[in-house]
There are 2 protein chains.
Amino acid sequence: MITLTEENYIKAIYHLSKHGKEMVSTNALAEAMRTKASSATDMVKKLAEKNYVDYKKYQGAILTESGSTIAINVIRKHRLWEVFLVDKLHFSWDEVHELAEQLEHIKSQKLIDKLDAFLGHPTHDPHGDPIPDKHGDFTFIDKIMLAQAQVNETYNCVGVNDSSSKFLQYLNNNKIELGTKIEVLHKEAFDSSIKIKVNGLEMVVSNSVAQNLYIQKV
Amino acid sequence: MITLTEENYIKAIYHLSKHGKEMVSTNALAEAMRTKASSATDMVKKLAEKNYVDYKKYQGAILTESGSTIAINVIRKHRLWEVFLVDKLHFSWDEVHELAEQLEHIKSQKLIDKLDAFLGHPTHDPHGDPIPDKHGDFTFIDKIMLAQAQVNETYNCVGVNDSSSKFLQYLNNNKIELGTKIEVLHKEAFDSSIKIKVNGLEMVVSNSVAQNLYIQKV
DNA sequence: ATATATTTTTAGTCTGTTCTAAAAATATAT
DNA sequence: ATATATTTTTAGAACAGACTAAAAATATAT
């Protein structure tokens, strides 16, 4: 039986390794888990014993097939619960992450299947991240960062890179959400800021915003 | 911060003390928690330190005001989740208990408030047990056991005493659910079995069934 | 009331997860 | 390439929650 803590470490390793197949260092893992490197070492050894990661001393850890399956399943649960919280309970997209962190650990395949059906088999969560299906397959959206947009083109907002409350609240305040149309008017060479038109209103967004908003040509 | 285990012990004490204000013995608590008496002693001491119970050596434990509030809140969450699982995800009433045991520990007042609203502020769970409102108040139904019914009267099924899967599945098999009309035809003095008419069909239920089904005169 | 049985507590150990401090390995800089 | 800095591991301890075995308190039976 896998513990809650093990599940969280596996999820962190998955995210740090960028979709599964890159070595993750002990320090990076410790930082992600808000713990100390020594604790991360201990856990990584345990995960290696249980065959969820391959681990070589001083080299880092990488998920095995079975570790990957667990990670993807937790992510599936996390994102389905986020959809539930936003679509059904009317939470805003900046509130749901922490709650989903708790809900993702509920153990029941049947619950997740039924929740998935209840939500209409969504393919993306409220931040535009893909929801793996029950076989672990993702539907990736062909997206670019706003920073890479072309002037005089119109795009659809399809996701965020940074899904921190602060960034999402910034977007809320500026009435930008998934599906919002964004027309790119001008790219300022000096500071890489971008002038856009949203909901009929012109505004300028900084480069840090442009680096964290995903768009797709309409 | 209260741990998951503490919360479960507090809930067990609440149930064993029959709605809060009766001493609970260490052995009874240990049995309910499927653990050993020594573990129950340890936990009860810890709960006493945190002021969730009053505890006297060799006398047992009883919930304080603050312990009681916690217990009722966990029960509220448990029963709301059960309603969600049955009404929205279409689980059957014999499947939801274990899942609700997990979901009841999700920490978020806002989530529970929104879930409550989403479900239409239900007053009873799928087994007929009352759901405390956000102030901790219950709406008790004026119910009797089927064993106490009068012959030639018609009743409404309003709850169960035993909510084990086996009993609930027995009721499922016999098409008895909350709201089902039950006409009492005959009480057998010999074995206390009862002949009833349900959905137009006559059947005989044993005394153990009659002791576990709550009804209300229509 | 004394002996016996039962319940409850204590003492000491185990496991899981964390920590600190120090040692070992690796990486970086001149 | 040697010294220095950084990263990673080890060793040892802490805490929560469980266990076993034995001791202490309470209850029951004659």
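Since the model is a prediction, treat every value here as computed from it, not as a measurement.

Engineer: Looking at this structure, how should I read the sheet that holds strand E3 (residues 144–145) of chain B?
Structural biologist: Residue and element names in this part refer to chain B. The sheet built from six strands is open, its strands ordered E3-E8-E4-E5-E6-E7 with antiparallel pairing. The open sheet is flanked by E3 and strand E7 (201–205), the only strands paired with a single partner. As judged from the two bridges shared by E3 and strand E8 (residues 213–217), these two strands associate in the antiparallel manner. Paired with methionine 145 across the bridge in E8 is tyrosine 214.

Engineer: Just checking my understanding: could you explain the protein's contact with DNA strand C for this structure?
Structural biologist: Residues in close proximity to DNA strand C total 21 residues, the closest being Thr35 and Lys46 of chain A together with Lys45, Tyr55 and Lys57 of chain B. Each atom of DNA strand C within 4 Å of the protein was assigned to sugar, phosphate or base; sugar and phosphate come to 79%. Contact between DNA strand C and threonine 3 of chain A: a phosphate oxygen at 2.6 Å from a side-chain N or O atom of the residue. For the surface near DNA strand C, the elements supplying multiple residues, two or more each, are helix H1 (4–16) and helix H3 (37–49) of chain A together with helix H2 (26–32) and helix H3 (37–49) of chain B. When residues in the surface near DNA strand C are grouped by element, the largest group, five residues, is from H3 of chain A. Tallied by class, residues from the surface near DNA strand C come to six nonpolar, ten polar and five charged.

Engineer: Just to check I follow, could you spell out the protein's contact with DNA strand D for this structure?
Structural biologist: If you check the shell around DNA strand D, you find 21 residues, and the closest are Lys45, Tyr55 and Lys57 of chain A together with Thr35 and Lys46 of chain B. Lysine 57 of chain A is positioned such that a nitrogen or oxygen atom in its side chain is 2.5 Å from a phosphate oxygen of DNA strand D. At 3.3 Å, a side-chain N or O of tyrosine 58 of chain B approaches a sugar or linking oxygen of DNA strand D. Among the secondary structure elements, those contributing two or more residues to the surface near DNA strand D are helix H2 (26–32) and H3 of chain A together with helix H1 (4–16) and H3 of chain B. Counting residues per element, the surface near DNA strand D draws most heavily on H3 of chain B, which supplies five residues. Of the residues assigned to the surface near DNA strand D, the class counts are six nonpolar, ten polar and five charged.

Engineer: Can you help me understand the relation of the copies chain B and chain A in this one?
Structural biologist: Note that the two copies of the chain are related through a rotation about an axis and a translation along the same axis. When chain B is fitted to chain A, the best match, at an RMSD of 0.1 Å, comes from turning it 180 degrees and sliding it 0.0 Å along the axis. Here the transformation between the copies is reduced to the relation of a two-fold axis. Proximity to the rotation axis, assessed at the C-alpha, singles out leucine 103 of chain B in chain B; its C-alpha lies 3.8 Å from the axis. Counting the interface residues of chain B, we find that 100% of their copies in chain A are interface residues as well, pointing to one common contact surface.

Engineer: Help me understand the sheet that holds strand E5 (residues 181–187) of chain A in this model?
Structural biologist: The strands making up a sheet associate through hydrogen bonds between their backbones, and the pairing can be parallel or antiparallel. All names here are of chain A. Spatially, the six strands line up as an open sheet ordered E3-E8-E4-E5-E6-E7, and their pairing is antiparallel. Strands at the two margins of the open sheet, each flanked by one partner only, are strand E3 (144–145) and strand E7 (201–205). Two strands pair when backbone bridges link them, and strand E4 (residues 154–160) and E5 are joined in this way by three bridges, in the antiparallel orientation. Among the inter-strand pairings, tyrosine 155 is bridged to a residue of E5, identified as isoleucine 182.

Engineer: Honestly, the domain arrangement of chain A in this entry has me stumped. Any pointers?
Structural biologist: Accessible area lost upon the coming together of the parts serves often as the stated size of an interface. Along its sequence, chain A is carved into domain 1 (4–63) and domain 2 (144–217). Each of domain 1 of chain A and domain 2 of chain A was reduced to a C-alpha centroid, and the two centroids are 34 Å apart.

Engineer: How should I be thinking about the packing of aromatic side chains in this particular structure?
Structural biologist: Each aromatic ring pair is summarised here by two numbers: the centre-to-centre distance and the angle between the ring planes. For the structure shown, the criterion picks out eleven aromatic pairs over all chains. Between tryptophan 81 of chain B and phenylalanine 84 of chain B the ring centres are 5.6 Å apart and the planes differ by 80 degrees, which places this aromatic pair in the edge-to-face class. One end of the pair, tryptophan 81 of chain B, and the other, phenylalanine 84 of chain B, are both in helix H4 (residues 65–88), three residues apart, so they sit about a helical turn from each other. Ring-pair connections join several aromatic residues into one group, and the members of that group are Trp81, Phe84 and Phe118 of chain A together with Trp81, Phe84 and Phe118 of chain B.

Engineer: Could you clarify how one ought to interpret the interface of chain B and chain A in this entry?
Structural biologist: Between chain B and chain A, the contact holds 20 residues from the first and 20 residues from the second. Together chain B and chain A conceal approximately 1700 Å² of surface at their shared face, both sides included; 72% is due to carbon and sulfur atoms. Where chain B meets chain A, there are two salt bridges. Across the pair glutamate 95 of chain B and lysine 110 of chain A runs a salt bridge whose closest N-O atoms are separated by 2.4 Å. Scanning the region where chain B abuts chain A turns up eight residue pairs in polar contact (both at pLDDT 80 or more). The set of elements that each furnish at least two residues to the side of chain B that touches chain A consists of H4, helix H5 (96–103) and helix H6 (109–118) of chain B. Broken down by element, the side of chain B that touches chain A gets its largest block of residues, five residues, from H6 of chain B. Here the side of chain B that touches chain A is composed, by residue class, of eleven nonpolar, four polar and five charged.

Engineer: What am I meant to see in the packing of helix H4 (residues 65–88) of chain A against helix H5 (residues 96–103) of chain A here?
Structural biologist: For any two helices packed against each other, one specifies the crossing angle of their axes together with the interaxial distance. Residues and elements named next belong to chain A. Relative to each other, H4 and H5 sit at 130 degrees, their axes nearing to 9 Å. One way to sum up the angle between H4 and H5 is to call them oblique. Here the hand of the crossing between H4 and H5 comes out right-handed. In this structure, H4 uses His78, Trp81, Glu82, Leu85 and Val86 to contact H5, whose residues at the interface are Val96, His97, Leu99, Ala100, Glu101 and Leu103. For the contact of H4 with H5, a count of residues per class yields seven nonpolar, two polar and two charged.

Engineer: Just to check I follow, could you spell out helix H7 (residues 165–173) of chain A for this structure?
Structural biologist: Because each turn of an α-helix spans 3.6 residues, side chains separated by three or four positions end up pointing in the same direction. All names here are of chain A. Taken residue by residue, H7 has Phe167, Leu168 and Leu171 as its buried positions. Angular distribution of buried residues about the axis of H7 spans 95 degrees; they occupy a single face of the element. Facing away from the buried surface of H7 by more than 90 degrees, the exposed residues are Lys166 and Asn173. Tucked into the core, H7 has its buried residues touching E4, helix H8 (207–210) and strand E8 (213–217).

Engineer: How should I be thinking about the pairing of E4 of chain A in this particular structure?
Structural biologist: Across a regular strand the side chains alternate sides, sitting on one face of the sheet and then on the other. Inspection of the sheet shows E4 of chain A paired to E8 of chain A by five bridges, in the antiparallel sense. Residue valine 160 of chain A lies in a different strand from E8 of chain A, and its bridge partner there is leucine 213 of chain A.

Cut-offs applied
Every chain is numbered independently, its residues counted from 1 as its sequence is written. In the order they appear in the text, chains get letters beginning with A and ligands get numbers beginning with 1. Totals for whole chains, interfaces and linings use all residues, but because this is a predicted model, local features are given only for residues with pLDDT of at least 70 and pairs of side-chain atoms are given and counted only at 80 or more. In computing side-chain properties, one takes all heavy atoms of the structure into account and sets aside hydrogens as well as water. Strands are treated as partners if at least two bridges between them are detected by DSSP. A run of H or I in DSSP becomes a helix once it reaches four residues, and a run of E becomes a strand once it reaches two; helices and strands are each numbered from the N terminus. Here a residue counts as near a molecule or strand whenever at least one of its heavy atoms sits within 4 Å of it. Within 3.5 Å is the distance limit for a polar contact, defined as a pair of N or O atoms, with the added protein rule that one can donate a hydrogen and the other accept it, and that residues adjacent in sequence qualify only through two side-chain atoms. Under the scheme applied here, ten amino acids are nonpolar (Ala, Val, Leu, Ile, Met, Phe, Trp, Tyr, Cys and Pro), four are charged (Asp, Glu, Lys and Arg), and all others, including Gly, are polar. To superpose the copies, least squares is applied to the C-alpha atoms of every residue with a pLDDT of at least 70 in both. Contact definition: two residues touch when any of their heavy atoms are within 4.5 Å. Per the annotation, domain bounds derive from an automatic or database assignment of domains. Within 6.5 Å between ring centres, the rings of Phe, Tyr and Trp (the latter by its six-membered ring) count as paired, and their orientation is classed by plane angle as stacked under 30 degrees, edge-to-face over 60, tilted in between. The buried area of a pairing is the accessible area, by a 1.4 Å probe, that goes missing from both parts when the two are put together, added over both. Basic side-chain nitrogens of Lys or Arg form a salt bridge, by our definition, when they fall within 4 Å of a carboxyl oxygen of Asp or Glu. Axis definition: a line fit to C-alpha positions, over the contact stretch in the case of helices; interaxial angles, taken between N-to-C directions, run 0 to 180 degrees. Working definition: roughly parallel below 35 degrees, roughly antiparallel above 145 degrees, roughly perpendicular at 65 to 115 degrees, and oblique for all remaining angles. Note on convention: near helix rotated counterclockwise from far helix by under a right angle means a left-handed crossing. Clockwise means right-handed. Exposure classes here rest on a 1.4 Å probe applied to the protein chains alone. A residue is buried below 20% of its type maximum, exposed above 50%, and partly exposed in between. The reported arc concerns the directions from the helix axis to the C-beta atoms and nothing else.

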